[in-house]
Amino acid sequence: MSSEDTREIRPDSPFRHATSSRDAAPQFVLPLVVRIEKAAPPSRTDALETAARAVLEILADERSTGEGEWARAMRDWQDARIRKVVRRARGAEWRKACTLPGITVTGTGADGERDEAQAEVAAEVRVFPPVPLDGWPKELAKLQVSGTELDDPEPPAAPDPVRPVLWFSPELEMSAGKAMAQAGHGAQLAWFDLSEADRKAWRETGFALSVRTAAPADWRALTASGLPVVRDAGFTEIAPGSCTVVADHPSLRGRAGR
């Protein structure tokens with residue numbers, strides 16, 4: 001979280017960039033695979049929003065809680081550094097990835113509306129139960145991490161003020177794959193802070209949310225607002241401790257600054 005966040009920061013927070021007790025635990029990673037077909041890649045914003053929703057879907061899934069089949073893996077993952085890695089697939093690679101246990105989440109498409117006629121341009125992201133850092137299934141291990149360079153055909157519209165917004169830093173540049181992982185982190189931090197009632201309400205909307213880049217003039221205020229802030233561990237692309245995303249959920253706005 002941001003050094004300007006007024007809430008208490010646990011010394012062993014899984015999102016803290018400094019060395020902590022979580023580093024001594026076995027390390028796991030949450031795999032996400034985005035479908036990128038050459039002829040019809042998704043838009044960048046749709047891919048980021050879909051990745052964030054995929055993380056929320058697996059957190060809320062009954063298989064991830066209690067005695068569910070994924071619960072142990074989810075606990076082991078959250079007991080260590082919370083890492084997410086996004087890889088890309090197309091064609092046969094995507095079909096093979098979909099044979100593994102997981103959840104596929106479909107985006108809204110370039111126009112922001114679910115439309116069967118535009119299914120080929122809507123983002124598709126499949127999220128899998130956590131795996132050991134060096135123990136990826138062969139169907140996923142061979143997929144490429146690089147090459148997730150996506151664009152928005154037009155600037156996204158202003159976000160709905162009643163919908164959660166994941167605000168990205170205007171000061172950092174990231175590949176689409178890196179940004180998808182950061183969006184997932186932001187969504188997860190919001191999930192951690194919500195009450196059970198608020199989680200249920202969000203789930204009933206299909207985890208509706210927006211991803212936008214904050215205006216430079218607003219970024220400092222956002223990181224100091226008391227809302228959840230992702231600080232990257234610095235494993236790839238950006239410096240350790242960089243503030244990447246502020247999770248602006250309506251149910252958290254009133255609690256900010258407590």
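Scope of this entry: the structure provided in the associated data block. Treat the numbers as computed from the prediction; the structure is a model and nothing was measured.

### A closer look at the pairing of strand β4 (residues 124-127)
The side-chain alternation of β4 yields two buried faces, one formed by Glu124 and Arg126 and the other by Val125 and Val127. Sheet topology note: the strand β1 (residues 28-35)/β4 ladder contains three bridges and is antiparallel. Opposite leucine 32, over in β4, you have valine 127 as the bridge partner. Relative to β4, strand β3 (residues 103-106) runs antiparallel, the two being bridged by four bridges. Within the sheet, the bridge partner assigned to threonine 106 lies in β4 and is glutamate 124.

### Quick word on helix α2 (residues 71-79)
Every buried residue of α2 is listed here: Ala71, Ala73, Met74 and Trp77. Seen from one end, α2 has its buried residues packed into an arc of 165°, which puts them on one side. Turning to α2, the residues buried within the fold contact β1, α1 (44-60), β2 (83-89) and α5 (176-193).

### Observations regarding the environment of serine 146
Relative to the helices and strands, serine 146 resides in the loop between α4 (138-141) and β6 (165-168). As for serine 146 and arginine 88, which are separated by 58 residues in sequence, their C-alpha atoms are 7.8 Å apart.

### Here's the deal with unusual backbone geometry
Phi angles above zero are rare outside glycine, and phenylalanine 207 is one such case at about 55°. Within the secondary structure, phenylalanine 207 is located in the loop between α6 (196-204) and β7 (210-213).

### Structural notes on the sheet that holds β7
Paired through their backbone hydrogen bonds, the strands of a sheet run either parallel or antiparallel. On the basis of which strands lie adjacent, the open sheet formed by four strands has the order β7-β6-β9-β8 and mixed pairing. In the strand order of this sheet, the two ends are held by β7 and β8 (229-231), each with one partner. On average, each strand axis in the sheet is tilted by 20° relative to the strand beside it, whichever way the strands run.

### Details of the pattern of salt bridges
Evaluation of the coordinates by the stated rule reveals nine salt bridges. Linking arginine 35 and glutamate 124 is a salt bridge whose minimum nitrogen-to-oxygen distance equals 2.9 Å. Taken together, the residues arginine 35 in strand β1 and glutamate 124 in strand β4 connect sequence positions 89 residues apart.

### Some details on the packing of aromatic side chains
Remark: the centre distance and the inter-plane angle together describe each pair of aromatic rings, the angle taken between the planes. One pass over the structure, following the stated rule, counts two aromatic pairs. Residues tryptophan 191 and phenylalanine 207 carry aromatic rings whose centres are separated by 5.8 Å and whose planes lie at 70° to one another, so their mutual orientation is edge-to-face. Of this pair, tryptophan 191 sits in helix α5 while phenylalanine 207 sits in the loop between α6 and β7, and the two are 16 residues apart along the sequence. Residue tryptophan 191 shares its accessibility class with phenylalanine 207, and that shared class is buried. For the pair tryptophan 202 and phenylalanine 207, a centre-to-centre distance of 5.7 Å together with 80° between the ring planes defines the contact as edge-to-face. Considered together, tryptophan 202 and phenylalanine 207 belong to a single accessibility category, that of buried residues. Following the ring pairs from residue to residue traces out a cluster consisting of Trp191, Trp202 and Phe207. In this arrangement the basic side chain of arginine 87 is found over the ring face of tryptophan 136, its NZ or CZ atom lying 4.0 Å from the centre.

Thresholds applied
- Residues numbered from 1 in each chain as written.
- Predicted model: local features only at pLDDT ≥ 70, side-chain atom pairs only at ≥ 80, totals over all residues.
- Heavy atoms only, no water.
- Buried < 20%, exposed > 50% of the residue type's maximum accessible area, 1.4 Å probe, protein only.
- Helix = DSSP H or I, 4+ residues; strand = E, 2+ residues; numbered from the N terminus.
- Pairing = 2+ DSSP bridges.
- Arc of directions from axis to C-beta.
- Contact = heavy atoms within 4.5 Å.
- Axes fitted to C-alpha atoms, helices over the stretch in contact; angles between N-to-C directions.
- Salt bridge = Lys/Arg side-chain N within 4 Å of Asp/Glu carboxyl O.
- Phe/Tyr/Trp six-rings, centres within 6.5 Å; stacked < 30°, edge-to-face > 60°.
- Lys NZ or Arg CZ within 6 Å of the ring centre and 35° of its normal.

Treat this as a map of the structure, not an account of what it does.
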